[in-house]
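Observations on chain architecture
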Amino acid sequence: MKTKYDVIVVGGGHAGCEAALVCARMKVDTLLLTMRKDKIGYTSCNPSIGGIGKGQLVKEVDALGGEMAKAADRSSIQFRVLNLSAGYAARSSRMQIDRKLYNNYMLDRVTLQEGLDVIEDEVKEVLSAGASATGVRTKTGTIFNARNIILTTGTFMNGIIHVGLEHSSGGRLGEEASMGLSRNLADMGFAIGTFKTGTPARIDGGTIDFSVMQEQKGDEFVIPFSFSTEAITLPQRSCYITRTNKKTHRIIREGLDRSPMYTGKIRSTGVRYCPSIEDKIVRFPDRDSHIVFVEPEGLDTNEFYPNGISTSLPLDVQEHMIRSIKGLENVVINKPAYGIEYDFVSPAELKATLETKKIDGLFLAGQINGTTGYEEAAALGFMAGVAAARKIRKETPIILDRSEAYIGVLIDDLVTKGTREPYRMFTSRVEYRILIREDNADTRLTHVGHELGLLAKDRLDRVRDKTLAIAEEEKHLDSVRVFPGGPVDALLKEKGQMPLAGGIDLTTLLRRSGISRADVLSLEGRGEKLSYYERVQLEVDIKYAGYIDRELRKIARFKDLENINLPDNFDYSGINGLSNEIKEKLSSVRPKSLGQAARISGVTPVAVTILMVKLKGAGSRGKS
Ligand code: FAD
């Protein structure tokens, strides 16, 4: 058996799949070691991909040459754009997926990938010589050697599954936990923490009364996740909406004495934005109803996922509680809800490449970094794969910054601030969100994917065509003028707008709030030539021109600070004027730039100025 590789990826979840595929596609010899081959790319919780802040990550991974978007497109059974009324910056796509089709698609991509070996085994130990990774030892006693190891263990390290006061070891329902690795990492000096998450029961659709629920159809206009997918071909399915009620809440309150969370058996921190139903009842006692989305698990299964009622209450309470909900009175539970605790490594242990600061060649990605979510995991896995492959190829690392990509924000937040609770991406975390949106992920990042050798030239050509089409249309709108006394008078009257004082070009007209692209086209008697995403870019360019200018100036200032290097061995302890707390934080995070230093919580603007003065004295140079 071959035992020597360039890169070993541990774990075949969302992070592991992207990491392994990217390494193999960048032509480094790669091994994926995972506990269950059949579960490669498996979705542990929701049968959905995307969502607020997450859709952007999926698009970016696709624009860089990753796989998640394509897997979602091939298994999509419902598409919706969320936050439609909140403006372009916050719009995010979400797809309901067929869980089995998604899983099969990823399994095929990984197992059929040239240059990627896949072995089913459990890694027990990371091997190192001095401060460099050398390989891993597995449960079967095999030693696999590689100078680069990417750990993507998800919820499996020391996983404990809770159903009521019963608990058992497990990484996911029906799968063993990964034991030993967490101890090994702690022995290597890594800061290990424990988080928790949970999932609802899976229920039998044949026992659900959909007729009393509100049907929620997907959007009619379906936009694929991947910039390379022409169309979504699977039949689309509806979700259904129902609600908990006072009786549900009473049952839950009465069951709290057997809740692992409220009897102190689970002490770790859970996902703030995805609380269990018992958490919602306790934290919001005034609310007598919470929404439940009943989501299909796939096309050829009658199993449903009741989104909104994840719980770790005992099975009898689960049954009683769920049957108190309208439409679920006779429901049969196929699989119980459960909570899970698992170990993660503090992301403050990582450099911006996701390589650990302590062990050269050891990378961490996905839920092991303290994040939650498939999309966050895929983005981290992809970037760790790129970093490991480029390290092997002796190429400079690629680091996306906060003004370029959601991925840049995700990684910068994690490595600069660490995390005290499972980290989930949101649009609100992103400073320059009007500039970095879902629709322009291709124009922002395709060139990077192409340079990495992950995307063929046709993807670049598409971006060029898109850019040209928008530029041509902008030129046209600048060149056409409308005058008072013409058809524009009627349009402005209809829209309740001030009449024109003199002639204006169509760009200026479109800049008026309340005037849409469709209005301008109808004025000219023209049809729409642009694709949806070209239209969005055009409208954003025109309607937000002033705001975009301001944002670009902010980015220039941000880049100024980002371009001032802080040497790796910088001695913060001897800098006069910095508090001991700030010195400790800077010494522990070891920021790469003054910009990163400024984002560490507790590092004040005064401290940044002191650092800048000190650096000038030391003659530091900007980044190349
Ligand atoms: P995973 O998808 O967990 O994959 C880990 C992989 O590593 C598995 O293939 C496993 O076999 C393998 N592995 C682990 N240890 C070893 C080892 N030592 N050797 C070899 N292979 C190993 N996310 C949300 O966004 N919202 C939620 O509400 C939510 N709820 C969840 C509820 C539950 C019960 C669970 C289990 C997960 C939930 N998640 C939720 C999290 C979501 O599933 C993860 O964020 C995502 O799957 C993480 O991807 P990953 O690649 O890091 O790890």
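Sequence positions are assigned chain by chain, starting from 1 and proceeding in written order. Totals for whole chains, interfaces and linings use all residues, but because this is a predicted model, local features are given only for residues with pLDDT of at least 70 and pairs of side-chain atoms are given and counted only at 80 or more. Hydrogens and water are ignored here; the side-chain numbers use all heavy atoms of the structure.

**A look at the overall build of the protein**
In plain terms, the rule: Strands here are runs of E lasting at least two residues and helices are runs of H or I lasting at least four, both read from the DSSP assignment and numbered beginning at the N terminus. Radius of gyration means the value over C-alpha atoms here, while the globule rule gives 2.2 Å times the residue count to the 0.38 power. A 1.4 Å probe rolled over the protein chains alone gives each residue an accessible area, and that area as a share of the maximum for its type sets the label: buried under 20%, exposed over 50%, partly exposed in between. Residues count as neighbours in contact if any of their non-hydrogen atoms are within 4.5 Å of one another. Method for areas: the Shrake-Rupley scheme with a 1.4 Å probe, in which residue coverage is limited to the protein chains shown. Neither His nor the chain ends is counted toward charge; the positive residues are Lys and Arg and the negative residues Asp and Glu. The atoms used to mark charge sites are NZ of Lys, CZ of Arg, CG of Asp and CD of Glu.
Assigned secondary structure in the protein consists of 20 helices and 23 strands. Over its C-alpha atoms the protein spans a radius of gyration of 26 Å, differing by no more than 12% from the 25 Å that the globule rule assigns to 624 residues. Counting only C-alpha atoms, the protein reaches 85 × 70 × 50 Å along its principal axes. Burial analysis of the protein (624 residues in total) assigns 56% to the buried set. Considering only intrachain contacts with a sequence separation of at least 6, the fraction spanning at least 24 residues in the protein is 73%. For the protein, the computed accessible surface area is about 26000 Å², with 51% contributed by carbon and sulfur atoms. Of the charged side chains in the protein, 87 are positive and 81 negative, and the gap between their average positions amounts to 3 Å.

**Topic: helix α6 (residues 246-255)**
This is how it is decided: Directions drawn from the helix axis to the C-beta atoms are what define this arc. Identification of polar contacts relies on pairs of N or O atoms within 3.5 Å, with a donor-acceptor requirement for protein atoms, meaning one able to donate a hydrogen and the other able to accept it, and with residues adjacent in sequence counted only if both atoms are side-chain atoms.
Residues of α6 that are buried: T248, H249, I251, I252 and G255. Seen end-on, α6 carries its buried residues on one side only, within an arc spanning 160°. When the buried face of α6 is taken as reference, the exposed residues oriented beyond 90 degrees from it are K246 and E254. Its buried side turned inward, α6 meets α7 (277-283) and α8 (315-322). The residue sitting at the N-terminus of α6 and contributing the capping side-chain oxygen is N245; that oxygen lies 3.0 Å from the backbone nitrogen of K247.

**As for the environment of R137**
Its place among the elements puts R137 in strand β8 (residues 132-138). The spacing of R137 and V126 is 11 residues in sequence and 6.5 Å in space, taken between C-alpha atoms. For R137, the contacting residues outside a window of four places in its chain are E122, V123, K124, E125, L127, T142 and I143.

**Thoughts on the sheet that holds strand β18 (residues 303-307)**
Strand-to-strand pairing in sheets goes through backbone hydrogen bonds, with the strands running parallel or antiparallel. Note the threshold: Here the rule is simple: two strands pair whenever DSSP picks up at least two bridges between them. Note on definitions: angles span 0 to 180 degrees between N-to-C directions of axes, and those axes are lines fitted to C-alpha atoms, for helices only across the stretch in contact.
Strand order in the open sheet formed by 6 strands is β15-β16-β17-β18-β14-β19, with antiparallel pairing between adjacent strands. Two strands in the sheet have a free side with no partner beyond their single neighbour: β15 (214-216) and β19 (333-335). The mean inter-strand angle of the sheet, taken between neighbouring strand axes irrespective of direction, is 35°. In terms of strand pairing, strand β14 (residues 202-204) meets β19 through 2 bridges, oriented antiparallel. Residue pairing in the sheet places I203 in a bridge with I333 of β19. Contacts from α8 reach β14, β18 and β19 within the one sheet, and its direction differs from that of β19 by about 135°.

**Observations regarding the packing of aromatic side chains**
To be explicit about the condition: Only centres within 6.5 Å qualify two rings of Phe, Tyr or Trp (six-membered ring in Trp) as a pair; their planes then separate them into stacked at under 30 degrees, edge-to-face at over 60, and tilted for everything else. Sitting over a ring, as applied to charges here, requires NZ of Lys or CZ of Arg to be within 6 Å of the ring centre and within 35 degrees of the ring normal.
If you walk through the whole model with that rule in mind, you get 8 aromatic pairs. Both rings, one in F227 and one in Y533, keep their centres 6.1 Å apart while their planes meet at 55°; by these two values the pair is tilted. Pair noted here: F227 is in the loop between β15 and β16 (239-243) and Y533 is in helix α16 (residues 532-543), with a separation of 306 residues, a long-range link. Both residues of the pair, F227 and Y533, belong to the buried class. Grouping aromatic residues by their ring pairs yields a cluster made of F221, F227, Y532 and Y533. The ring of Y42 is capped by K39, whose NZ or CZ atom sits 4.1 Å from the centre of that ring. Residue placement shows R429 over the ring face of Y423; its charged tip is 4.1 Å from the ring centre.

**Notes on the site of the ligand**
Let me state the cut-off plainly: Throughout, near means a residue has at least one heavy atom within 4 Å of the molecule or strand.
Neighbouring the ligand are 35 residues; H14, A15, V123, Q367 and G373 lie closest to it. T152 has a polar backbone atom sitting 3.3 Å from an oxygen atom of the ligand. Here S178 contributes a side-chain N or O atom positioned 3.0 Å from a nitrogen atom of the ligand. A total of 990 Å² of accessible area belongs to the ligand in isolation, and the protein chains cover 97% of it. Elements with a minimum of two residues in the shell around the ligand: α1 (14-25), β2 (30-34), β13 (192-199), β20 (338-345) and α9 (374-392).

**A short note on the pattern of salt bridges**
Inclusion rule: Within this document, salt bridges are pairs made up of a side-chain nitrogen of Lys or Arg and a carboxyl oxygen of Asp or Glu, the two lying within 4 Å of each other.
According to the stated counting rule, one finds 50 salt bridges in the structure shown. A salt bridge links K2 to D29; the nearest nitrogen and oxygen atoms lie 2.6 Å apart. Placement of K2 in the segment before β1 (7-10) and of D29 in the loop between α1 and β2 is noted, with a sequence separation of 27 residues between them. Taking relative accessible area as the criterion, K2 reaches 38% and is therefore assigned partly exposed.

**Some thoughts on the packing of α6 against α8**
How we decide: The scheme is simple: roughly parallel for angles under 35 degrees, roughly antiparallel for over 145, roughly perpendicular for 65 to 115, oblique for anything else. Two helices that cross are described as forming a left-handed crossing if the nearer one is turned anticlockwise from the farther one by less than a right angle, and a right-handed crossing if clockwise. All residues other than Ala, Val, Leu, Ile, Met, Phe, Trp, Tyr, Cys, Pro, Asp, Glu, Lys and Arg, Gly among them, are scored as polar; the first ten of these are nonpolar and the last four charged.
Packing of α6 against α8 leaves a shortest axis separation of 8 Å and a crossing angle of 165°. Relative to α8, α6 is oriented roughly antiparallel. By crossing handedness, the relation of α6 to α8 is classed as right-handed. Side by side, α6 and α8 meet where T248, I251, I252 and G255 of the first sit next to V317, H320 and M321 of the second. Here the contact of α6 with α8 is built from residues that sort into 4 nonpolar, 3 polar and no charged.

**Observations concerning unusual backbone geometry**
Positioned with a positive phi, K27 is a non-glycine residue whose angle comes to about 65°. Note that K27 resides in the loop between α1 and β2. Given the relative accessible area of 73%, K27 is considered exposed. The residue L354 is not glycine, and still its phi comes out positive at about 75°. Tracing the backbone shows L354 in the loop between β20 and β21 (362-364). Residue L354 is classed as buried on the basis of its relative accessible area of 1%.

**Details of the side chain of R172**
Within the secondary structure, R172 sits in the loop between β12 (166-169) and α5 (181-187). Of note is the side chain of R172, whose polar atom sits 3.1 Å from the side chain of S44. Discounting chain neighbours no more than four positions away, the residues touching R172 are K39, Y42, S44, F156, I161, Y338 and I340.

**Topic: the nonpolar core**
The condition that has to hold: Side-chain atoms within 4.5 Å link the members of a nonpolar core, which is a set of buried Ala, Val, Leu, Ile, Met, Phe, Trp, Tyr and Cys residues.
By size, the foremost hydrophobic cluster in this structure holds 100 residues, and its most contacted members are I8, I150, L151, L185 and I407. It is α9 that provides the largest number of residues to this core, a total of 13 residues. Those residues in contact with L151 that lie beyond four places of it in its chain are V10, V126, L181, L185, L362, F363, L364, A365 and I368.

All quantities given are derived from atomic positions and should not be read as evidence of function.
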